[in-house]
Every structure is written in structure tokens, then in C-alpha cells.
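# Per-entry structural report
Each chain is listed here by its residues.
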Amino acid sequence: MNKETEIKLRASRETLAALQTHPLLKKRSKAGWETSELFNQYFDTEARDLAGAKVALRLRKDGDQIIQTLKSRGQSVAGLSERNEWDWHLAKAKLDLKKLDDSCWPASLAELDKKQLKPIFTTNFVRQRAEIAWGRGKARVIIEAALDLGKVVAGKQQEEICELELELRQGEPEALLELAAELAADLALMPCDISKAERGYRLFDEGSYSLQLPTPELQPEQSLDDAIAAIGWYLLGSSQRLAEQYRHNGHWRLLVDWQNCLVNLRALLGSLGQAAPRASSSELRKILDALLDDWRPRVLAGQDEDAARQDAPAQFAAELMDTRWGLFSLNASRWLLARTWTASRNKRGDRQGAAALQSWLPTFIAEEGRDLQLKRYQQQPEDLAEQLPRIERLLLWLHLARNVLEVAETDRLFGELNKLAELAKRPLSPEELEPRMTQAQILMSLKPWKTLLKNG
């Protein structure tokens, strides 16, 4: 068994061509690019039991070699994946079921009759691979870079494969993200949390690609630093999966949810005080603000205008042809993996980052709630939009950490605050003033709201 650590980056054909001669790869490459054709047949049962157990089984023809491979899903967050892999070299292109024993076969499939396994889709592509090596501090890094161009075929359905795959052979996972970010600075590369096998299953069954990552289960005794990491990985990974699926099928709701992930990431970065000094996240906030400046108006327009929804897929495709989204995703991953926000903060910031969520969160919500000044916006509802960032910060923590708060009816509080946020987003008109005033009054009258403001 080998442990595979890699990152996949969706690219265009033009970007693949540019990568072949990229100065950074050329400088670090030992022997240049080697080309091979890979023919892969994936197997599962009619009921797709292997997919349900999060494993993939394939036969690969690589030149004269026939390789049977079983892969576990492992961990895959924000494009960076770790999984276990078992390889067996075979004499002929036929599954050797005897290799699939208890040493590798999932316990959940122990009762499965392996004779039910049958071909379900293929992934055939041309791969150009090169070994990339360099010194990183006192350590040496070795990465296999692979440029893959081909297609996934499931019955009459097919999808293009066009991606850069970086697999870590030696060194730390941070090195993968550093290399990817350097390449993404001038080439459009989109971190892609979907394997070739998942693409095949998606063609076979559109509903098989899960958009929802497990919501982080924040605990009262958990430190703020750990909560930042958990929430950050969850939002970033979710945003990438939503971007991939919206690129694939153009369903409007996916774009709305993608933008909401960006809003929540921005709210996270804006809510951390001295635990995450502003300088540590300035570049991330700059790109996030630019993304939201472009996409908030488009999503808002699409709520009422069919033409705006129809224009959005082409606009999103143009976004992915730019470097902005990929570079933000990769740098956010690096920020989370290295916990960059902890590097240069003062002692008060260290104490805040180490504080238990159950002590930090009530104080944060009370301070933000008082600064919201709901009474003022009963008299000046036209100015409510200026408080939208603060409302979004409150919504983020009420949504993901409500179990930490010892307050009843937090679900209702979240719902009423969300209504206020929706009113704040809409263009101001005389008809909008009364609903804003009414909603501010409803929120002020809620018992959990009063309790939270008092508890802090």
C-alpha cells in the first residue's frame, strides 16, 4: 500500500501547452517531459457498491504494463487529497479478484460477491509527466507533475480531461500548494476536488457527485484557532465543489451557494480580531472583496431577471479563464494549512486564539450585536446596507457554532437575522424602508437576541 498526496488543477488546453515550457517547471525538472498513453477501465456493481464505500477499482494499461489499482477516497479538502492506494502488476487485462482481500478490501463490503463487478466507465488520456525537484529550506522536495489530456466515457456520455496533477513523492504537503500557487500566479489553474473516477460516476449518474462536505462539529472547549481552521477548510472546500459543479451544469442555485461561501469566508476573515492580525489575511481579503464586488450584483440581478441567470454561465467561464479564482483558492489553502494567522500576532492575539470557543463566542456576538445598533436603523432604515458585513459575521457564527451558545431558539434568531440581511442587500427604494424597520424591531424583541447581548 502507498499513501498518495496530490492536488488536481483543472486547466485549458492552452494552459497545458504553456505548462510544458513554463520556466519554473523547466528549471526544476530533471529530464524533461515523458509522454505515455493511459487506458483505464473502472469497475463497480450495478448498484455502485464501491462508490458507496468510497473506493475506486480500475485496470490500467500503461505501455506494456497492466496494473490493477484499488484507491480509497481518503481525505480530500480544497483540492489537496490524501488517500491509500494498492497496485498490482498483472499478466493480462483481467481483474484478479484474489488480490482484493482483507488487507485492502473495505470491511463494509465484506459480504459483497466480487463476481458482480463489471466495467462501468473508462478514462483514457495522454499523460506528459516530469519529476520536479528542488530544495526547500534544509529539506528536498520531489513532485511528479503530470499533464493529462483525454476524456472520461460512460456509455454515450463523455467529458474532457484537461488537468495538471501534482503528486508529492518527497517533502511536506505545503510544497505542493506553494508550487501550484506559483504556477497559478500567471496561468489559470482551478483546484479541482473531483477525481477522474468521480467524473466517471457523475456521467453515469449526475446525482452521484456530492456537493456537501460534512459541516464542522465545533465543540465548546475547542480553541478559536482550531475553529478558524475547521470553518475555513469547510467553506473553501465547499466553494470549490460548487464551482466545479456549476461549471459542469450551470444550475443557478449552485452559483448562489458558491457566492454565499465567499461571503462566509469574508465574514470569517473579518471576525477574528487580534487572533488573526489583518496583515496576515490582507491579500486574501483583497481578492475576496474583488470577487464579491463582481459577483454580488450578478447574483442579486439573477434573483429577479432571467436574462441575468442566462448570462451567468458564460461570465463564470470567463472567471475561470482568469487567474483570480484559482490563485485565491490555492493561497487560502496555504493560509489554512500553515495557520499563517498565528505567525506574527502579539501575546493578546495568542491568548485569544487559544481561548475556548465557549468563552470567545458569546463576547464576540454581544459586541457585534451592540455595534449593529438596531434601534438606529429603525429611524434610519435607508442606511442599513452599511451594516451588512457585521450582519454576515453574526450569521456565520450563529449558523456554524450555534451549539456552542447556551441560548434557546438560536434557529429562529438566525432566520430573523437572515431576513434582515436579505433586506440590506436589496437596492433601496421607498417600498423597502418599512420592511427594514419592521424586521429590525422583530429582531430586537427576540428573547435570544436580548440574552446574547446581555451575556457578553
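Residues numbered from 1 in each chain as written. Predicted model: local features only at pLDDT ≥ 70, side-chain atom pairs only at ≥ 80, totals over all residues. Heavy atoms only, no water.

Named according to an unreviewed UniProt entry, the protein chain is CYTH domain-containing protein originating from Phytopseudomonas seleniipraecipitans.

The next point concerns the overall build of the protein chain. When you go through the protein chain residue by residue, the secondary structure sums to 17 helices and ten strands. Whereas a compact globule of 456 residues would reach a radius of gyration of roughly 23 Å, the protein chain reaches 25 Å, a difference of no more than 12%. Dimensions of the protein chain along its principal axes, counting C-alpha atoms only, are 80 × 50 × 45 Å. In the protein chain, which comprises 456 residues, the proportion classed as buried is 52%. Counting only contacts in the protein chain whose residues sit at least 6 apart along the sequence, the fraction spanning at least 24 positions is 70%. Accessible surface, the protein chain: about 21,200 Å² in total, of which carbon and sulfur atoms supply 48%. (Helix = DSSP H or I, 4+ residues; strand = E, 2+ residues; numbered from the N terminus. Rg over C-alpha atoms; globule rule 2.2 N^0.38 Å. Buried < 20%, exposed > 50% of the residue type's maximum accessible area, 1.4 Å probe, protein only. Contact = heavy atoms within 4.5 Å. Areas by Shrake-Rupley, 256 points an atom, 1.4 Å probe, with all protein chains shown as cover.)

When their charged atoms lie close together, side chains carrying opposite charge are able to pair. Taken as a whole, this structure holds 45 salt bridges when the rule is applied. For arginine 13, the salt bridge identified is with glutamate 160, shortest N-O distance 2.8 Å. Pair noted here: arginine 13 is in helix H1 (residues 13-20) and glutamate 160 is in strand E9 (residues 157-170), with a separation of 147 residues, a long-range link. Judged by its relative accessible area of 37%, glutamate 160 is partly exposed. For glutamate 165, the salt bridge is made with arginine 127, and the minimal N-O distance between the two is 3.5 Å. You can see glutamate 165 sitting in strand E9 and its partner arginine 127 sitting in strand E7 (residues 118-136), a full 38 residues away along the chain. Residue arginine 127 is classed as buried on the basis of its relative accessible area, which comes to 5%. Ionic contacts of the salt-bridge type, sharing partners, join the residues Glu6, Lys8, Arg127, Asp148, Glu163, Glu165, Lys196 and Arg199 into one network. (Salt bridge = Lys/Arg side-chain N within 4 Å of Asp/Glu carboxyl O.)

With that settled, the discussion passes to the nonpolar core. Judged by nonpolar contacts, the single largest core of 77 residues is most densely connected at Leu255, Trp258, Trp325, Phe328, Leu361, Trp397 and Leu417. Ignoring anything within four residues of it in the chain, the contact list for tryptophan 325 reads Met190, Ser239, Gln240, Ala243, Trp258, Leu262, Leu291, Glu319 and Leu320. Of all hydrophobic cores here, the second largest spans 31 residues; its members include Ile7, Leu80, Leu183 and Leu330. (Core = buried A, V, L, I, M, F, W, Y, C linked by side-chain atoms within 4.5 Å.)

For threonine 122, the position within the fold is in strand E7. Note on threonine 122: relative accessible area 19%, which makes it buried. When sequence neighbours within four positions are dropped, the list of residues in contact with threonine 122 reads Asn40, Gln41, Lys151, Val152 and Val153.

Turning our eyes to something else, we now look at the environment of alanine 188. Following the sequence through the fold, alanine 188 ends up in the loop between helix H4 (173-184) and strand E10 (190-191). Sequence separation between alanine 188 and threonine 323 is 135 residues; the distance between their C-alpha atoms is 4.4 Å. Residues within four places of alanine 188 in sequence aside, it is in contact with Arg10, Ala11, Thr15, Leu320, Met321, Asp322 and Thr323.

What follows is about helix H16 (residues 430-445). Among the residues making up H16, those that are buried are Glu432, Arg436, Gln439, Ala440 and Leu443. Projected onto a plane normal to the axis of H16, the buried residues spread over an arc of 105° and lie on a single side. Opposite its buried face, H16 presents the exposed residues Pro430, Glu431 and Glu434, each directed more than 90 degrees away. The secondary structure elements touched by the buried residues of H16 are helix H13 (374-379), helix H15 (410-425) and helix H17 (447-455). (Arc of directions from axis to C-beta.)

One pass over the full model with this rule turns up twelve aromatic pairs. Measuring from centroid to centroid gives 5.2 Å for phenylalanine 121 and tyrosine 201, while their planes differ by 75°, and the two rings are edge-to-face. Residue phenylalanine 121 is found in strand E7, and its partner tyrosine 201 is found in helix H5 (residues 196-204); the two are separated by 80 residues along the sequence. Grouping residues by exposure puts phenylalanine 121 and tyrosine 201 together as buried. (Phe/Tyr/Trp six-rings, centres within 6.5 Å; stacked < 30°, edge-to-face > 60°.)

In this section: the side chain of glutamine 378. Locating glutamine 378 in the fold gives a position in helix H13. Here the side chain of glutamine 378 touches glutamine 441 through a polar contact of 2.5 Å, side chain to side chain. Those residues in contact with glutamine 378 that lie beyond four places of it in its chain are Met437, Ala440, Gln441 and Met444. (Polar contact = N/O pair within 3.5 Å; in protein donor to acceptor, adjacent residues only side chain to side chain.)

Attention now goes to the environment of leucine 57. Structurally, the position occupied by leucine 57 is in strand E3 (residues 55-62). Other than its neighbours up to four places away in sequence, leucine 57 contacts Gln41, Tyr42, Phe43, Leu50, Gln68, Thr69, Leu70, Leu95, Leu100 and Leu117.

Right, let's talk about the pairing of E9 for a bit. Note: strand E1 (residues 2-10) against E9, five bridges, orientation antiparallel. In the sheet register, leucine 9 faces E9, and the bridge partner there is leucine 164. As defined by bridge partners, strand E8 (residues 139-154) adjoins E9 across 13 bridges and the pair is classed as antiparallel. Following the sheet pairing, valine 152 is matched in E9 by glutamate 159. Linking E8 back to E9 in an antiparallel pair, the connection comprises two residues, with glycine 155 at a positive phi of about 65°. (Pairing = 2+ DSSP bridges.)

Moving on: H4. In a regular helix each residue adds 1.5 Å, so twelve residues correspond to 16 Å; H4 covers 17 Å between its end C-alpha atoms and thus fits that length. For H4, the full list of buried residues reads Pro173, Ala175, Leu176, Leu177, Leu179, Ala180, Ala181, Leu183 and Ala184. (Expected span 1.5 Å × (residues − 1).)

Another point: the packing of helix H6 (residues 224-249) against helix H14 (residues 388-400). For the pair H6 and H14, interaxial distance at closest approach is 12 Å and the crossing angle is 95°. Classified by the angle their axes make, H6 and H14 are roughly perpendicular. The segment H6 lies against H14, with Leu224, Ile231, Tyr234 and Leu235 engaging Leu396, Trp397 and Leu400. For the contact of H6 with H14, a count of residues per class yields seven nonpolar, no polar and no charged. (Axes fitted to C-alpha atoms, helices over the stretch in contact; angles between N-to-C directions. Parallel < 35°, antiparallel > 145°, perpendicular 65-115°, else oblique. Nonpolar A, V, L, I, M, F, W, Y, C, P; charged D, E, K, R; others polar.)

Turning to its location among the elements, glycine 155 is positioned in the loop between E8 and E9. Glycine 155 sits 49 residues away from phenylalanine 204 along the chain, and the two C-alpha atoms are 7.6 Å apart.

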